[in-house]
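Each chain is listed here by its residues.
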Amino acid sequence: MKTILELLEARLVAALERAQIEVPEGFPIKVVPAQDVRHGDYQANAAMALAKRLKMNPRELAQQVLEALDVEGLATLEVAGPGFINFTITESAWSDKVAALFHDERMGVSLVEEPQNIVVDFSAPNVAKPMHVGHIRSTIIGDSLSRIAGFLGHKVITDNHIGDWGTQFGMVIYGWKNMLDQSAIDADPLQELLRIYRAVNSLCKEDPSIKDTCREELVKLQQGDAENFKIWEQCVEVSKIGLNKIYDRLDVSFDHWLGESYYNQALAPLVKALVHEGLARESDGALCVFSGEAMPPKQDPFKEKREGEWVDFPMIVRKKDGGFNYATTDIATVDYRLNEWNAHKVWYVVDARQSLHFQQLFDVSKRRGCGAELEHVSFGTILGKDGKPLKTRDGDLPQLADVLDDAIKASAAVLEEKSGHLPQDEKDELAKLIGIGSVKFTELSHHRSSDYIFDLDKMVALQGDTAPYLQYSYVRVQSIFRKLEEELALDPAAVKVSEAGEVNLARTLAKYGEVLPTVLDGLKPNILSSYLLDLAKAFHSFFEACPVLKSEGEQRNSRLILCATTGKVLKHGLSLLGIQVPERM
Ligand code: ARG
């Protein structure tokens, strides 16, 4: 189904042709939603931009275009201001649109014309280290972008590139051998691994000889020592079990879990190839990739300024001690994703602090002929109410599982006030749905590159730009249908929208298909979040101004169809954010 915006753009292009106005090649002919609906629903400023190019009077040009525009039945037109063309969609066109949306299982959202293979690299916590709230952002943003891209028709491949091979394993293996509590590892593997990691970490600080022992354990692991390898395998295995518990709570899943260790065998040959390709060379005993010298130093991720001078800032691909690192693994990972999955795009949903690493990685990949579009989908920090990075009372980074528990508790309190009468098990389920939904919506309603303050009370409130507000809006729609006494036979062919509240709701519903694809423009799920808030608000204003159950006949039919379509779009949009809705609350 074409969106109204697409229809108008097509008519506009046809009008320019009909009026024999010469449009320069590649000149954008765009229609946008009007800022102020009192002047129309959509607006085009093409005439103004064109007039400038063609040295014509913009109002005159707009008038010519207007006369050539065929929007019979779809819209009425006016030229406004210095040469805007305003489109006011007719009531009958809104009615047709609502009827079409009511039927359409895609709710007016078209599939992309050229589906691409998109690898989404997200979550990717480090084994034996806590999955803290920083990973929450990656997990939630990555999951939502994957869902949206998939719905738009792309082939999405989700990959959890966990940090399952790194220097932490020296300490973890030492701890595993000397202080493991077997019952604790069975009960809560992430917690126990974290405990031993922390304990050994502080032992190392007190006693340098333990630090040496840990380093030896690491070297043994890297050299394939059977005992250490077995311990490592067990650590990874129990970690996955622990992580999966959290992913289940979050309703997040992955097509693959190809962690860093998966690429171990590929690293030595890769580095050899890098040297052979002339990309890496020796420096101070290490092998490094240096700048391609193809851009000014200011933009070059392989340069940094030291004491007023630009100096090399290479990417180390083999350390002095012969070990490979995070960067080497990431280069190998790009190869794998290109070769095995034929990736057209890779989205790395990772903290902004890794920006330089990704700039280097992308530059190296390009120099190696990678044709895929690699993108760092970066995000900022979650702050406490004091405006500083969120910490627990002990000064640690809060753990994801605790954050979820707290959010669920806070929602339970809100629910008790509002829905105290519901049976306890239903209230428990609701608290989970709302608590988890709140954490997700808070994340997804902020622009990802900005920091935001984690305010539990605000995020679980029923009022405000929150998940529960949206979930409640959906419930409100559902309750209308529960109150219906008769068996319902809605007739979309008879839909007529005319009152302001109805038109406004229809207009907002029709926008779903226009807004959703734009989320991928800057990879910003917050665009969908704010759309859903607009939809909920449009619904509430409609519901206040236009009685539904008390209306009759054709009007009742139309209003019920508006309600049903609203429920459908709300539920669907929230599902693309990874948020579930209850049927009552
Ligand atoms: N494990 C890393 C971390 O927690 C994130 C990995 C992101 N993905 C990647 N391909 N580098 O910081």
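Scope of this entry: the structure provided in the associated data block. (Residues numbered from 1 in each chain as written. Predicted model: local features only at pLDDT ≥ 70, side-chain atom pairs only at ≥ 80, totals over all residues. Heavy atoms only, no water.)

Our next topic: the layout of surface pockets. Each pocket or cavity is described by its volume, and for the largest pocket that value is around 1300 Å³. Lining the largest pocket are 50 residues, with G163, W165, G166, E260 and Y326 positioned closest to its centre. When contributions to the lining of the largest pocket are tallied by element, the ones reaching two or more residues are α5 (133-151), α6 (168-179), α9 (208-222), α10 (226-250), α11 (264-276), α12 (326-341) and β12 (345-351). With 5 residues, the top contributor of residues to the lining of the largest pocket is α9. Per-class residue counts for the lining of the largest pocket are 18 nonpolar, 22 polar and 10 charged. Roughly 950 Å³ of volume is contained in the second largest pocket. The element contributing the most residues to the lining of the second largest pocket is helix α21 (residues 526-545), with 5 residues. A breakdown of the residues in the lining of the second largest pocket according to their chemical character gives 14 nonpolar, 9 polar and 11 charged. (1 Å grid on protein atoms, 1.4 Å probe; cavity = no way out; pocket = protein on both sides within 12 Å on 5 of 7 lines; lining within 4 Å. Points joined across faces, edges and corners; volume = space filled by probe spheres on them. Helix = DSSP H or I, 4+ residues; strand = E, 2+ residues; numbered from the N terminus. Nonpolar A, V, L, I, M, F, W, Y, C, P; charged D, E, K, R; others polar.)

A few words now on the sheet that holds strand β6 (residues 155-159). Within the open sheet, the 4 strands sit side by side as β6-β5-β12-β13. Their pairing is parallel. This sheet does not close on itself; its edge strands, each paired only once, are β6 and β13 (373-379). For this sheet, the mean inter-axis angle between neighbouring strands, taken without regard to orientation, is 20 degrees. Pairing of strand β5 (residues 117-121) with β6, which is carried by 5 bridges, proceeds in the parallel orientation. Bridge pairing in β6 links D121 to D159. Packed onto the sheet, helix α13 (residues 355-367) meets β12 and β13 and runs at close to 180 degrees relative to β13. (Pairing = 2+ DSSP bridges. Axes fitted to C-alpha atoms, helices over the stretch in contact; angles between N-to-C directions. Contact = heavy atoms within 4.5 Å.)

Further remarks concern the environment of K345. Relative to the elements of secondary structure, K345 occurs in strand β12. A sequence separation of 206 residues divides K345 from S551, and the C-alpha atoms of the two residues are 51 Å apart. In contact with K345, not counting residues within four places along its chain, are Q116, N117, I118, V119, A372 and E373. A polar contact of 3.4 Å, which involves the side chain of K345, links it to the side chain of Q116. (Polar contact = N/O pair within 3.5 Å; in protein donor to acceptor, adjacent residues only side chain to side chain.)

Now for empty space enclosed by the protein. This model, assessed by the stated rule, comprises 2 cavities of 30 Å³ or more. Taken as a whole, the largest cavity spans an internal volume of roughly 50 Å³. Around the largest cavity, the lining residues are P125, N126, V127, A128, K129, M131, L190, S239 and L243. For the lining of the largest cavity, the residue count by class is 6 nonpolar, 2 polar and 1 charged. In this model, the second largest cavity occupies a volume close to 40 Å³. As for the second largest cavity, its lining consists of S411, V414, L415, I434, V460, L462, P468 and M585. Looking at which element gives the most residues to the lining of the second largest cavity, the answer is helix α14 (residues 400-419), with 3 residues. Counted by class, the lining of the second largest cavity contains 7 nonpolar, 1 polar and no charged residues.

On to the site of the ligand, then. Around the ligand, the neighbouring residues are D121, A124, N126, H135, H161, Y326, D330, Y348, V350, Q354 and F358. Take Y326: an N or O atom from its side chain is 2.8 Å from a nitrogen atom of the ligand. Interatomic distance of 2.8 Å between a side-chain N/O atom of D330 and a nitrogen atom of the ligand. Coverage of the ligand by the protein amounts to 90% of the 350 Å² it exposes when considered alone. Within the residue set of the shell around the ligand, elements represented by two or more residues are α12 and β12. Looking at the shell around the ligand, its residues break down into 5 nonpolar, 4 polar and 2 charged. (Near = heavy atom within 4 Å. Areas by Shrake-Rupley, 256 points an atom, 1.4 Å probe, with all protein chains shown as cover.)

All right, on to the packing of helix α4 (residues 91-103) against helix α18 (residues 500-510) then. The N-to-C vectors of α4 and α18 enclose an angle of 55 degrees; their axes lie 10 Å apart at closest approach. Taken as axis vectors, α4 and α18 run oblique relative to one another. The handedness of the crossing between α4 and α18 comes out as left-handed. For the pair α4 and α18, the contacting residues are W94, K97, V98 and L101 in the first and V503, A506, R507, L509 and A510 in the second. Residues of the contact of α4 with α18, tallied by class, amount to 7 nonpolar, no polar and 2 charged. (Parallel < 35°, antiparallel > 145°, perpendicular 65-115°, else oblique. Left-handed = near helix turned anticlockwise from the far one by under 90°.)

The strands that make up a sheet are held in pairs by hydrogen bonds between backbone atoms, and each pair lies either parallel or antiparallel. Pairing within the open sheet is antiparallel, and its 3 strands lie in the order β7-β8-β11. In the strand order of this sheet, the two ends are held by β7 (280-283) and β11 (315-318), each with one partner. The average angle at which neighbouring strand axes cross in this sheet is 45 degrees, direction not considered. Pairing geometry for strand β8 (residues 286-289) and β11, over 3 bridges, is antiparallel. Bridge pairing links V289 to M315 in β11. Of the strands in this sheet, β8 and β11 touch α13, which is tilted by about 70 degrees from β11.

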